[in-house]
Amino acid sequence: MMGLGYTLSEDISFKGGQILTTNFDTYELPRFSWMPQIETILVKNDELPPKGGGEPPIVAIGAVVANAIFDATGARLYQFP
């Protein structure tokens, strides 16, 4: 959800080198109601120690969305908020 927010709605505006988005009243965070339903599957594997895996995939979400839009419409997107 965090990656979809970065890709689809979150945007920081600048003018003349000054940040215009100074607070959360002008910074649009995604709402749960905007997000698609995500199915989570937990796989039990006692042979591997637990590791963090939540944040690294966030980086790829913009490319994933752009490729999905291209696959569905044929239009290439090169910029998101």
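Cut-off values and rules
Per chain, residue numbering runs from 1 following the sequence as it is written. This being a predicted model, a pLDDT of at least 70 is required before a residue's local features are given, and a value of 80 or more before pairs of side-chain atoms are given or counted; all residues contribute to the totals for chains, interfaces and linings. Only hydrogens and water are set aside when side-chain values are computed; all heavy atoms of the structure are taken into account. Secondary structure elements follow DSSP: runs of H or I no shorter than four residues count as helices, runs of E no shorter than two count as strands, and numbering proceeds from the N terminus. For each residue, the accessible area found with a 1.4 Å probe, counting protein chains only, is set against the maximum for its type, and the residue is called buried under 20%, exposed over 50%, and partly exposed in between. The contact criterion used throughout is that any non-hydrogen atoms of two residues lie within 4.5 Å. For the area figures, the Shrake-Rupley method with a 1.4 Å probe applies, and any residue is considered shielded solely by the protein chains shown. Here is the rule: rings of Phe, Tyr and Trp (six-membered ring for Trp) pair when centre to centre is within 6.5 Å. Planes less than 30 degrees apart are stacked, more than 60 are edge-to-face, and the remainder are tilted. Here, a charge over a ring means that NZ of Lys or CZ of Arg falls within 6 Å of the ring centre while also lying within 35 degrees of the ring normal. Distance and chemistry together define a polar contact, namely a pair of N or O atoms within 3.5 Å, with one atom able to donate a hydrogen and the other to accept it when in protein, and with adjacent residues in sequence counting only for side-chain atoms on both sides. Counted as salt bridges are all cases of a side-chain nitrogen of Lys or Arg within 4 Å of a carboxyl oxygen of Asp or Glu.

Draft legend 1. How the structure looks around the overall build of the protein. Looking only at helices and strands, the protein features two helices and two strands. When its helices and strands are written in sequence order, the protein yields α-β-β-α. For the protein, the spread of C-alpha atoms along the three principal axes comes to 55 × 35 × 25 Å. Buried residues in the protein amount to 16% of all 81 residues. Long-range pairs, those at least 24 residues apart, make up 48% of the contacts in the protein between residues at least 6 apart in sequence. Split by element, the accessible area of the protein, about 7200 Å² in all, is 58% carbon and sulfur.

Draft legend 2. Representation of the packing of aromatic side chains in the model. In the structure shown here, the tally under the stated rule is zero aromatic pairs. Geometry around Phe 70 places Arg 76 over its ring, the cationic atom sitting 3.7 Å from the centre.

Draft legend 3. Seen up close, the side chain of Thr 7. Position of Thr 7 among the secondary structure elements: in helix 1 (residues 2-8). What makes Thr 7 buried here is its relative accessible area of 5%. From its side chain, Thr 7 meets the backbone nitrogen of Gly 62 in a polar contact 3.4 Å long.

Draft legend 4. Main features of the pattern of salt bridges. Throughout the structure, instances matching the rule amount to one salt bridge. In this structure, the salt-bridge partner of Lys 44 is Asp 46, at a minimum N-O distance of 3.6 Å.

Draft legend 5. Representation of the environment of Gln 18. With respect to the helices and strands, the residue Gln 18 is situated in strand 2 (residues 18-19). Exposure remark for Gln 18: the relative accessible area of 53% places this residue in the exposed category. For the pair Gln 18 and Leu 77, spaced 59 residues apart in sequence, the C-alpha separation works out to 27 Å.

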